[in-house]
Amino acid sequence: MTDTVLTENRDGVLLVTLNRPEKKNAINNAMWGQIRDTFRAAAADDTVGCVLLTGAGEHFSSGVDLSSFGEADVDPQALFNAAAMAVAEFDKPLVAAATGASVGGGATVLFHADVVYAGESLRMRLPFASLGLAPEWGSSYMLQANIGAQRAAELFYTAQWIDADKALQAGIVAAVLPDDQLLEHALATAAEIAQWPVNSLREIKRSLRLHHLPAIKTAMQAEQEAMARQAGSPENIEAITAFMEKRKPNFRKS
Ligand code: COA
């Protein structure tokens, strides 16, 4: 692994840290490959009982790296799909600890975590409407499954910011902690989980996800088709250009 996704096995807890803090842990194409490989390896490794996913620095993740779409010689959608599926199909407990920005893929990945702990600074956003895009990572199903259709629709359509209290109230996170206590708390829970037999943890996870997986796969397929229609559309280009130029997008002109 290169240093943009760090892994450390702490007595059965695999600590996975997104490590690109200067870009708020925006996930570029190389990182998608590392996320895919990390989760596949963790699933196959019987010394891993539980994964704890977090981000280096003050921000969990600002999601897809908006500057990486034009990279040559790679198929970003294929890389993203493989990573997304590796996380969705991960067959052991997944705990997450998130502070600061948690946007796009940096939010939707959390919907696949079994237990999410938020720091008080958490600011989550599903920015797809504001980017002229469609949902991803099976979030169009997972968020409804986790918090209900009404609350999910409000968050998708408005693309509003969700603070830690609202995330807790909605059921997106299990608990909110002061930022400086968050990792310690999440590590303690992950260690409490990882003490148990790995085969039992696998069977519990499979039981919990059994009914969700077909729906997740259906959602991901529909999302990919929607994303293919929207990526590169005039409204999407305007949104990304506006982000790069640090200005508000003007969708009325497109
Ligand atoms: N892709 C690429 N670069 C990103 C990024 C992303 N998703 N998110 C942040 N960055 C970069 C910024 O361009 C900036 O780079 P620079 O220092 O070279 O100018 C740096 O990370 C710091 O981000 P900045 O926007 O200055 O920080 P902020 O605290 O003002 O805002 C966010 C943080 C996360 C709210 C803001 O960066 C943001 O909205 N990012 C885009 C999130 C998004 O839409 N993701 C797409 C998901 S599909």
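Predicted model, so just to flag it, every value in this text is computed and none were measured.

1. Describing the site of the ligand
Here's step 1: Neighbouring the ligand are 15 residues, the closest being K23, K24, S62, V64 and L66.
Here's step 2: Between the ligand and K23, the relevant distance is 2.8 Å, taken from an oxygen atom to a side-chain nitrogen or oxygen of the residue.
Here's step 3: In the environment of the ligand, a nitrogen atom lies 2.9 Å from a nitrogen or oxygen atom belonging to the backbone of V64.
Here's step 4: In isolation the ligand exposes 860 Å². Once the protein is present, 70% of that is buried.
Here's step 5: A per-class count over the shell around the ligand returns eight nonpolar, two polar and five charged.

2. Here we look at a negative patch on the surface
Here's step 1: A cluster of like negative charges, contributed by E58, E120, D163, D165, D179 and D180, occupies part of the molecular surface.
Here's step 2: Inspection of the secondary structure puts D165 in helix α6 (residues 164–170).

3. Quick notes on empty space enclosed by the protein
Here's step 1: For the structure shown, the criterion picks out two cavities of 30 Å³ or more.
Here's step 2: Counted as a void, the largest cavity has a volume near 60 Å³.
Here's step 3: If you trace the largest cavity, you find it lined by Q77, F80, N81, A84, P135, E136, W137, M220, E223, Q224 and M227.
Here's step 4: Among the secondary structure elements, those contributing two or more residues to the lining of the largest cavity are α2 (76–88) and α9 (213–230).
Here's step 5: Class assignment of the residues belonging to the lining of the largest cavity gives a composition of six nonpolar, three polar and two charged.
Here's step 6: Here the second largest cavity defines a volume of roughly 40 Å³.
Here's step 7: Lining the second largest cavity are L18, I27, I35, F39, L53, F60, V87, V109 and W137.
Here's step 8: Looking at side-chain class alone, the lining of the second largest cavity contains nine nonpolar, no polar and no charged residues.

4. Some remarks on the pattern of salt bridges
A side chain of one charge can pair with a side chain of the opposite charge if their charged atoms are brought near each other.
Here's step 1: One pass over the full model with this rule turns up 13 salt bridges.
Here's step 2: Put simply, E245 and R247 hold a salt bridge, and the shortest N to O gap is 2.8 Å.
Here's step 3: Under the relative-accessibility criterion, E245 is labelled partly exposed at 48%.

5. Some remarks on the sheet that holds strand β2 (residues 13–18)
Here's step 1: Ordered in space as β1-β2-β3-β4-β6-β9, the six strands form an open sheet in which the pairing is mixed. Strands with a single pairing partner mark the edges of an open sheet, and in this sheet they are β1 (5–10) and β9 (175–177). Adjacent strand axes in the sheet meet at a mean angle of 20°, parallel and antiparallel pairs treated alike.
Here's step 2: Relative to β9, strand β6 (residues 115–119) runs parallel, the two sharing three bridges. Within β9, the residue paired with G119 across the bridge is L177.

6. A few points about the packing of aromatic side chains
Here's step 1: The tally for this structure, following the rule as stated, stands at five aromatic pairs.
Here's step 2: Taking the centre distance of 5.5 Å and the plane angle of 85° together, the rings of F80 and W137 count as edge-to-face. With F80 in helix α2 and W137 in the loop between β7 (123–125) and α4 (139–147), this residue pair connects regions lying 57 residues apart in the sequence. For the residue pair F80 and W137, the accessibility class agrees, reading buried in each case.
Here's step 3: Joined through ring pairs, the aromatic side chains of W32, F80 and W137 make up one cluster.
Here's step 4: Against the face of W161 rests R123, its NZ or CZ located 5.3 Å from the ring centre.

Rules behind the numbers
- Residues numbered from 1 in each chain as written.
- Predicted model: local features only at pLDDT ≥ 70, side-chain atom pairs only at ≥ 80, totals over all residues.
- Heavy atoms only, no water.
- Near = heavy atom within 4 Å.
- Polar contact = N/O pair within 3.5 Å; in protein donor to acceptor, adjacent residues only side chain to side chain.
- Areas by Shrake-Rupley, 256 points an atom, 1.4 Å probe, with all protein chains shown as cover.
- Nonpolar A, V, L, I, M, F, W, Y, C, P; charged D, E, K, R; others polar.
- Patch = residues over 30% accessible without salt bridge, like charges linked within 9 Å, V, L, I, M, F, W, Y side chains within 5 Å.
- Salt bridge = Lys/Arg side-chain N within 4 Å of Asp/Glu carboxyl O.
- Lys, Arg positive; Asp, Glu negative; His and termini not counted.
- Charge placed at Lys NZ, Arg CZ, Asp CG, Glu CD.
- Helix = DSSP H or I, 4+ residues; strand = E, 2+ residues; numbered from the N terminus.
- 1 Å grid on protein atoms, 1.4 Å probe; cavity = no way out; pocket = protein on both sides within 12 Å on 5 of 7 lines; lining within 4 Å.
- Points joined across faces, edges and corners; volume = space filled by probe spheres on them.
- Buried < 20%, exposed > 50% of the residue type's maximum accessible area, 1.4 Å probe, protein only.
- Pairing = 2+ DSSP bridges.
- Axes fitted to C-alpha atoms, helices over the stretch in contact; angles between N-to-C directions.
- Phe/Tyr/Trp six-rings, centres within 6.5 Å; stacked < 30°, edge-to-face > 60°.
- Lys NZ or Arg CZ within 6 Å of the ring centre and 35° of its normal.

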